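Topology and contacts: notes
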Amino acid sequence: MLDYDLEAAHYDETRGGLPRAEAAAEAVRALLPGGTLLDVACGTGLVSRELAGRGLRVLGVDASAGMARVAAGRVHVVLGDGRALPVRDGSVDAVTTIWLLHLLGDARPVIAEAARVVRPGGVYVTTVDKRAAHGSGGRRRPADDRELVVAEAVRHGLRQAGETTFVGHGQGRDGPDPVFRLLAFTRDG
């Protein structure tokens, strides 16, 4: 696992920079209503800033102090854990977890928290199947496996409401750039 406090200073330049952030933000924005967005694991805030530029009021949350420091120059951000979000129940229009779930041993607490804080009629958007986007295998089932994510979202009162993909510009280490999958879930009102 990376030390994101150390990675923060050069994270964007090694992960596709602005082209990747713009592609992600455009795809995410197409799945979201307007209003307030809680961007969980916002990292350096590059995608968050792009989403704010597309008409959303964005609050970034990240567990890494180094990432949060970089993000603070781009959007409003707080230090926090995706398993215990620092907002009230049903208080935001949308929640995103972009490139987070694949890093976790167990994504269920994060999905539960997203479901807790999104308002009725609101939307939760997440990336899924990141390992598959890069074409690499693996023995264990990743925490961002589409079937696992869908089942957990449904368990917490969310229903799948959309899906799209985007190109991870600058991410094709030894071949073409990966195509990342996004799923959107809504909380019925």
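Provided above is the structure to which this section pertains.
Residues numbered from 1 in each chain as written. Predicted model: local features only at pLDDT ≥ 70, side-chain atom pairs only at ≥ 80, totals over all residues. Heavy atoms only, no water.

1. Comments concerning the pairing of strand β7 (residues 179-187)
Among the 9 residues in β7, 7 count as buried, and that is most of the element. Where strand β5 (residues 118-128) and β7 come together, 6 bridges link them in antiparallel fashion. When the sheet's bridge partners are listed, Val125 is paired in β7 with Ala184. With 9 bridges connecting them, strand β6 (residues 158-167) and β7 associate as antiparallel partners. Paired with Gly162 across the two strands is Ala184, which belongs to β7. (Buried < 20%, exposed > 50% of the residue type's maximum accessible area, 1.4 Å probe, protein only. Helix = DSSP H or I, 4+ residues; strand = E, 2+ residues; numbered from the N terminus. Pairing = 2+ DSSP bridges.)

2. Points about the nonpolar core
With 24 residues, the main nonpolar core has Leu38, Val95 and Tyr124 as its most contacted residues. At the level of elements, β1 (35-40), β4 (92-97), α6 (108-117), β5, α8 (146-155) and β7 are the ones that each hand at least two residues to this core. Once residues within four sequence positions are removed from consideration, Val95 is found in contact with Leu37, Leu38, Val40, Ala114, Val117, Val118, Val123, Tyr124 and Val125. In this structure, Ala24, Val58, Phe180 and Leu182 belong to the second largest nonpolar core, which totals 23 residues. (Core = buried A, V, L, I, M, F, W, Y, C linked by side-chain atoms within 4.5 Å. Contact = heavy atoms within 4.5 Å.)

3. As for the pattern of salt bridges
Counted under the stated rule, the structure contains 14 salt bridges. Residue Glu147 is joined to Arg141 by a salt bridge in which the shortest nitrogen-to-oxygen separation is 3.2 Å. Owing to a relative accessible area of 45%, Arg141 belongs among the partly exposed residues under this scheme. A single network of salt bridges, built from pairs that share partners, joins Glu26, Arg49, Glu50 and Arg54. (Salt bridge = Lys/Arg side-chain N within 4 Å of Asp/Glu carboxyl O.)

4. What about the environment of Gly53?
The topology assignment puts Gly53 in the loop between α4 (46-52) and β2 (56-62). Linking Gly53 and Ala25, residues 28 residues apart in sequence, is a C-alpha distance of 9.4 Å.

5. Section: the sheet that holds β5
The strand order across the open sheet built from 7 strands is β3-β2-β1-β4-β5-β7-β6, with neighbouring strands paired in mixed fashion. Bordering the open sheet on either side are β3 (76-79) and β6, each of which pairs with just one other strand. Direction aside, the axes of adjacent strands within the sheet are offset by 20° on average. As defined by bridge partners, β4 adjoins β5 across 5 bridges and the pair is classed as parallel. Bridging across to β5, Val92 finds its partner in Val118. Packing of α6 onto the sheet brings it into contact with β1, β4, β5, β6 and β7, and relative to β5 it is tilted by some 150°. Of the strands in this sheet, β5, β6 and β7 touch α8, which is tilted by about 10° from β7. (Axes fitted to C-alpha atoms, helices over the stretch in contact; angles between N-to-C directions.)

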